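Descriptive analysis of the structure
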Amino acid sequence: MRIGIVGTGHVGGTLARLFSKAGHEVVVANSRGPETLRGLTGELGGRVRAANAADAARFGDVVVVSVPFGRYADLPAEEMSGKTVIDTGNYYPERDGHHQDLDQDRTTSSELLQQRLSGARVVKAFNAMRWDHLRDFGRQSSAQRRYGIPVSGDDPGAKRQVADLVEQVGFEPVDAGSLAEGRRHQPGTEVYLADLTGAELHGRLGAR
Ligand SMILES: NC(=O)c1ccc[n+]([C@@H]2O[C@H](COP(=O)([O-])OP(=O)(O)OC[C@H]3O[C@@H](n4cnc5c(N)ncnc54)[C@H](OP(=O)(O)O)[C@@H]3O)[C@@H](O)[C@H]2O)c1
């Protein structure tokens, strides 16, 4: 599969590593330009190249958005139209600036991203585990004990696509419901950064 990654920091860089290892073609982008990603592309080899954000978005059948919430307005929305978009993001007001509707839990950061990317199918995933655990825990999984990744979204086909990717990198996808229900795996919830197995996550979130 062709995967574009917009935001290639801790999480985006880790996903570039995991997805390319799983055999996917990956194009990565950040805000400073492709030349600043030479270290990463050199390390990860031929399946990963760097581009600007619009080209990475155009390239991907699936596009990962892994930027701070405060930068969502800068994303190339048109280029993501028709695509499955994985939102790894979390809202941290001290980092991102206060947003009243989020502070009062009237909506979620992923729903706001979906509004911004109205032609895309946004799925929230890979947001609830620390990046270094994401890097290491997939390969430490065994048939008996697989770490879980909550996946939420409104489009069943897009969710299945993302669940497949979660499995391919060694984790158990756990259906956490709609994009609005994605609030159940945001910062401040009991499952956030809790490093739960798939079975434990199912228990906390309610199996679907
Ligand atoms: N760190 C974690 O353990 C963790 C775990 C789960 C979820 N998350 C969430 O995932 C998101 C990313 O976190 P992170 O820790 O990976 O952040 P990070 O290391 O600070 O990386 C952010 C990336 O976004 C890029 N970026 C910022 N604005 C951009 C724009 N307008 N266009 C394209 N790229 C842009 C940055 O590029 P430049 O450096 O060139 O500006 C950088 O590559 C956040 O919402 C975070 O809360 C983080």
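Residues numbered from 1 in each chain as written. Predicted model: local features only at pLDDT ≥ 70, side-chain atom pairs only at ≥ 80, totals over all residues. Heavy atoms only, no water.

**Brief notes about the nonpolar core**
- If you look at the biggest cluster of nonpolar residues, it comprises 31 residues, and the most contacted ones within it are Leu15, Phe19, Phe126, Leu134 and Phe171.
- Ranked by the residues each element gives to this core, the list is headed by helix H1 (residues 10-21), at five residues.
- Sequence-distant contacts of Leu134, that is, excluding residues within four places in its chain, are made with Val11, Thr14, Leu15, Leu18, Phe126, Met129, Ile149 and Phe171.
- Of all hydrophobic cores here, the second largest spans 23 residues; its members include Ala56, Val67, Tyr72 and Met80. (Core = buried A, V, L, I, M, F, W, Y, C linked by side-chain atoms within 4.5 Å. Buried < 20%, exposed > 50% of the residue type's maximum accessible area, 1.4 Å probe, protein only. Helix = DSSP H or I, 4+ residues; strand = E, 2+ residues; numbered from the N terminus. Contact = heavy atoms within 4.5 Å.)

**A short note on the site of the ligand**
- Taken together, 23 residues lie near the ligand, and His10, Val11, Ser31, Arg32 and Trp131 sit nearest.
- The separation between an oxygen atom of the ligand and a polar main-chain atom of Gly9 is 3.3 Å.
- Computed on the free molecule, the ligand has an accessible area of 900 Å², of which 82% lies beneath the protein chains in the complex.
- A per-class count over the shell around the ligand returns seven nonpolar, 11 polar and five charged. (Near = heavy atom within 4 Å. Polar contact = N/O pair within 3.5 Å; in protein donor to acceptor, adjacent residues only side chain to side chain. Areas by Shrake-Rupley, 256 points an atom, 1.4 Å probe, with all protein chains shown as cover. Nonpolar A, V, L, I, M, F, W, Y, C, P; charged D, E, K, R; others polar.)

**Quick word on the pairing of strand E8 (residues 172-177)**
- Pairing between strand E7 (residues 148-153) and E8: five bridges, direction parallel. Bridging across to E8, Ser152 finds its partner in Gly177.
- Assessed by its sense of winding, the connection that carries the chain from E7 through helix H8 (residues 156-168) to E8 is right-handed. (Pairing = 2+ DSSP bridges. Right-handed = clockwise from strand over helix to strand, strands pointing away.)

**Some words on H1**
- A rise of 1.5 Å per residue sets the reference length of H1, with its 12 residues, at 16 Å; its end C-alpha atoms lie 17 Å apart and thus fit the reference within 8%.
- Of all 12 residues in H1, nine are buried, a share of seventy percent or more.
- Val11, Gly12, Gly13, Thr14, Leu15, Ala16, Leu18, Phe19 and Ser20 are the residues of H1 that are buried.
- Gly23, located one to two residues past H1, shows a positive phi value of around 100°. (Expected span 1.5 Å × (residues − 1).)

**Here's the deal with the side chain of Thr84**
- By the element assignment, Thr84 lies in strand E5 (residues 84-87).
- Using a relative accessible area of 0% as the deciding quantity, one classes Thr84 as buried.
- Looking at Thr84, its side chain comes within polar contact range of the side chain of Gln161, at 2.5 Å.
- Ignoring any residue separated from it by four or fewer positions in sequence, one finds Thr84 in contact with Asp61, Val62, Val63, Arg121, Val123, Ala158, Gln161 and Val162.

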